[in-house]
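Each chain is listed here by its residues.
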Amino acid sequence: MPQQPDPAPLTFSQRARIARDRAGLTRPVVAGLMGRSSDWVKALENGTIGMPRLPMLLHLAHVLGCDVTDLTGDERIAAATYTKALHGDLPVIKRALTTYRLQPADAEPEPAQVLAARVRQAWQLWHGRGDHRSRIAALVPDLLADTQHAARTLEGADRRRALVAQAETYHLAQLFLSFQPAPELVMLTGDRSMTAAQDADSPRAIAAAAWYMNHVYRDANEAAEARVDLAEQAAGLLREDDPEDLARWGLLQLAVALSFAKVGRAGDAWRYWDRADDAARRLGDGYAHPWLIFGQGVVDAYALTMHNDLLQPGKALEVAAALDLDRVPSATRRSYHLIETARAYGMQDEGVAAVSLLQKAFRESPETIQYNLHTRSVLPGLVKSGPRMVQDDARRLALDLGVPV
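This text gives an overview of the structure that appears in the document. (Residues numbered from 1 in each chain as written. Predicted model: local features only at pLDDT ≥ 70, side-chain atom pairs only at ≥ 80, totals over all residues. Heavy atoms only, no water.)

## Here's the deal with the overall build of the chain
Across its full length, the chain carries 23 helices and zero strands. Along the three orthogonal principal directions, the C-alpha set of the chain runs to about 95 × 40 × 40 Å. For the chain, contacts bridging at least 24 residues in sequence account for 68% of all contacts bridging at least 6. For the chain, the accessible area works out to roughly 18300 Å², and carbon and sulfur atoms hold 51% of it. (Helix = DSSP H or I, 4+ residues; strand = E, 2+ residues; numbered from the N terminus. Contact = heavy atoms within 4.5 Å. Areas by Shrake-Rupley, 256 points an atom, 1.4 Å probe, with all protein chains shown as cover.)

In structure tokens:
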């Protein structure tokens, strides 16, 4: 009698559905406990989206009352793949945030306008081509020490300007720390930037701090209402008849739109995106904020992310087809939006296009894609499946990024 072949191993999506059935939970209940939409749970169970990153995976196992290995089966999880890769300069930033370089009270502080110019230079390095994290890591420690000393010793308007520079320096530190294994420092920099902005009594600085705090809340899966409340309070401090204020007001509308899209509230998400789009149009077709990068290009590009989060890859690719990334004057942002386009192709099982776009994102900004969790989580699967050309290209990219496959 011929030996029967071994049954095909269960996929992650099949295991997730079995675990939910065993727990006696409906999709809406699981969605509510996960802080996601029912469509997200459905997409997880039918394989439209792949295995989530480790924190979300552990949360799902807790909700379903099972061990994480019941969900993963034989699909090995490499810690370096599903967790955040360590940048070599992370200790430098940690030390700058957790130690204090106290200068004598009579030491002459740097003029506030000089500090502002140094911060602008750091922003240019962040948004420029090349290893942006490595370049600003060399600047942030001195900037933090000098803005802190200036805020302590200057008075009046000069002190407020120094505090604004300090808030922006904390934004840069927070951006460096994103996708790094230091969540407590991300929250710390967000809180310190908001404190500096409030001490400066600057609505514009408060608005920028609220934009970056919104990212912290989204990554931590905080309730959408909490993120929305912060953004709306900050937006209420701004004047829409002033171009600088309008750019930050539009950015905060975009923050709310992204928060609602993350939890599947499509109607609310697009209502706020329309407000951001209106602000960008009022600022003019060629406008882009010099360091927040708000403008029509960014508003259009984030529509792609929203469709992805709402599990609408076809609509995301329609946005991508019309997207002109030359209107986004930031290599880091362009790389991110290319990764988001690859994510949409991946949801439609179009591996050739996904890998090609990830390669393009790598050429645009190597350190953006190197520390992107989506890229690190999907590359092993692309190496193991699909046409040989896809596997070879994905393997080479994984090697460049230090992703184990």
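## Structural notes on the pattern of salt bridges
Within this structure, the stated rule accounts for 26 salt bridges. Salt-bridge contacts for Arg-118 lead to Glu-110; the nearest nitrogen and oxygen are separated by 2.3 Å. According to the relative accessible area criterion, Arg-118 is partly exposed, its value standing at 21%. By relative accessible area, which is 26% here, Glu-110 ends up partly exposed. Close ionic contact of Asp-392 with Arg-395 constitutes a salt bridge, the shortest N to O distance being 3.5 Å. Here the residue Asp-392 and the residue Arg-395 both occupy positions in helix H23 (residues 388-401), the gap between them amounting to three residues, near one helical turn. Judged by relative accessible area, Arg-395 falls into the partly exposed class, the value being 38%. Each member of the salt-bridge network shares a partner with another, and the members are Arg-17, Arg-20, Asp-21, Arg-27 and Glu-45. (Salt bridge = Lys/Arg side-chain N within 4 Å of Asp/Glu carboxyl O. Buried < 20%, exposed > 50% of the residue type's maximum accessible area, 1.4 Å probe, protein only.)

## Points about the layout of surface pockets
Approximately 180 Å³ is the volume found for the second largest pocket. Together, Arg-129, Ala-320, Leu-323, Leu-325, Asp-326, Arg-334, His-337, Leu-338, Thr-341, Leu-357, Lys-360 and Glu-364 line the second largest pocket. At four residues, the largest contribution of residues to the lining of the second largest pocket is made by helix H19 (residues 331-347). Class assignment of the residues belonging to the lining of the second largest pocket gives a composition of five nonpolar, two polar and five charged. (1 Å grid on protein atoms, 1.4 Å probe; cavity = no way out; pocket = protein on both sides within 12 Å on 5 of 7 lines; lining within 4 Å. Points joined across faces, edges and corners; volume = space filled by probe spheres on them. Nonpolar A, V, L, I, M, F, W, Y, C, P; charged D, E, K, R; others polar.)

## So, the side chain of Ser-202
Considering the arrangement of structural elements, one finds Ser-202 in the loop between helix H12 (183-199) and helix H13 (203-219). Among the polar contacts listed, one links the side chain of Ser-202 to the backbone nitrogen of Ala-205, at a separation of 3.1 Å. With residues up to four places along the chain from it excluded, the contact list for Ser-202 reads Val-164 and Ala-197. (Polar contact = N/O pair within 3.5 Å; in protein donor to acceptor, adjacent residues only side chain to side chain.)

## Some remarks on empty space enclosed by the protein
All told, the structure shown has two cavities of 30 Å³ or more when counted by the stated rule. There is about 40 Å³ of room inside the largest cavity. Around the largest cavity, the lining residues are Ala-16, Arg-20, Val-30, Val-41, Leu-44, Glu-45, Leu-60 and Leu-64. Residue assignment for the lining of the largest cavity shows that the elements contributing at least two residues are helix H1 (12-23), helix H3 (38-46) and helix H4 (54-64). Counting residues per element, the lining of the largest cavity draws most heavily on H3, which supplies three residues. The class makeup of the residues in the lining of the largest cavity is six nonpolar, no polar and two charged. Its volume calculated, the second largest cavity comes out at about 30 Å³. Forming the walls of the second largest cavity are Arg-36, Ser-37, Trp-40, Lys-262, Val-263, Gly-264, Asp-309 and Leu-311. Broken down by class, the residue content of the lining of the second largest cavity amounts to three nonpolar, two polar and three charged.

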